[in-house]
Amino acid sequence: DSIQLHASNQSVTFPGAVTMGNASGSTGLGKILNYTWLTTYTQHTAGSSNATWNVNTNIQPTITPSATSSKIIVYINGSGILRNTSNVGMRLEREIGGNGTWTHQRDHWYENSADVWSPINWTMMHLDSPNTTSECKYRMSLYANQNPGNCRWAYDAGAGLTSGSSIILFELGA
């Protein structure tokens, strides 16, 4: 494979397996060893109870690291809509090996107290170090301090106008 350098009209060719280093050349940037993703078109809300986390069971992708030293990049992206919900949160959790124990990884918070529907881009990126070669499952939950039904992910506007929302997982090797 090659990259064309347009300014100098030259190309650079890379052999089959290339590990790129940082500016000082002392360490590698790693390689993407595996990836997977799931997309849902099913609307999810923060539930029916104020100030509680509501798990999205519609989208829970899995990845199995090939080495205990592997890192997992978790990227969540979804469109949604909010209205008069006050403090709103999105939580990422991980389960290893199907053991039923979910470990909190990260929260991301938003604020919306306007009494009008407002679009929101639910986005989170997290670098995880699961330290395992067992299957890792990821899930997200939503939280709203008030009016949790007005906190919507993969918003369904009706008439086939549902926005898709995704979780993408990348395994990075050294």
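Residues numbered from 1 in each chain as written. Predicted model: local features only at pLDDT ≥ 70, side-chain atom pairs only at ≥ 80, totals over all residues. Heavy atoms only, no water.

Visitor: Any chance you could explain the nonpolar core here in plain terms?
Guide: A general tendency of soluble globular proteins is for nonpolar side chains to be buried together. Grouped together as the largest cluster of nonpolar side chains are 24 residues, with contacts concentrated most on I76 and W122. Elements supplying a minimum of two residues to this core: β7 (71-82), β8 (86-96), β10 (118-128), β11 (136-144), β12 (151-153) and β13 (165-173). By residue number, the principal contributor to this core is β11, which donates five residues. (Core = buried A, V, L, I, M, F, W, Y, C linked by side-chain atoms within 4.5 Å. Buried < 20%, exposed > 50% of the residue type's maximum accessible area, 1.4 Å probe, protein only. Helix = DSSP H or I, 4+ residues; strand = E, 2+ residues; numbered from the N terminus.)

Visitor: I would appreciate a short explanation of the pairing of β7 in the present structure.
Guide: Both faces of the sheet carry side chains from a regular strand, because those side chains alternate between them. One ladder, built from eight bridges, connects β7 with β13; its direction is antiparallel. In the strand pairing of β13, N77 is matched with S166. As paired elements, β7 and β10 share 11 bridges and run antiparallel to each other. If you follow I73 over to β10, its bridge partner there is L127. (Pairing = 2+ DSSP bridges.)

Visitor: Would you explain the confidence of the model for the protein in this entry?
Guide: One rule of thumb: low pLDDT means the predicted coordinates there are not for detailed reading. In this model, the protein carries a mean pLDDT of 83, and residues with pLDDT of at least 70 account for 80%. Looking over the protein, one finds the lowest element-wise mean pLDDT in strand β1 (residues 2-5), namely 47, and the highest in strand β6 (residues 62-63), namely 98. The low-confidence segment residues 1-8 (pLDDT under 50) makes 15 contacts with residues lying over four places distant or belonging to another chain. Low pLDDT, under 50, characterises residues 18-28; the stretch is placed with 10 contacts to residues that sit more than four places away or in other chains. (pLDDT = per-residue confidence, 0-100. Contact = heavy atoms within 4.5 Å.)

Visitor: Explain the packing of aromatic side chains here, please?
Guide: The full count for this structure, using the stated rule, is six aromatic pairs. Geometrically, the ring pair formed by Y110 and W122 is edge-to-face, given 4.9 Å between the ring centres and 85° between the ring planes. Of the two residues, Y110 sits in strand β9 (residues 102-112) while W122 sits in strand β10, which places them 12 residues apart along the sequence. W122 matches Y110 in its accessibility class, with the two residues each being buried. (Phe/Tyr/Trp six-rings, centres within 6.5 Å; stacked < 30°, edge-to-face > 60°.)

Visitor: What am I meant to see in the environment of T101 here?
Guide: As for its placement among the helices and strands, T101 is situated in the loop between β8 and β9. In contact with T101, other than residues within four places in its own chain, are R94, E95 and I96.

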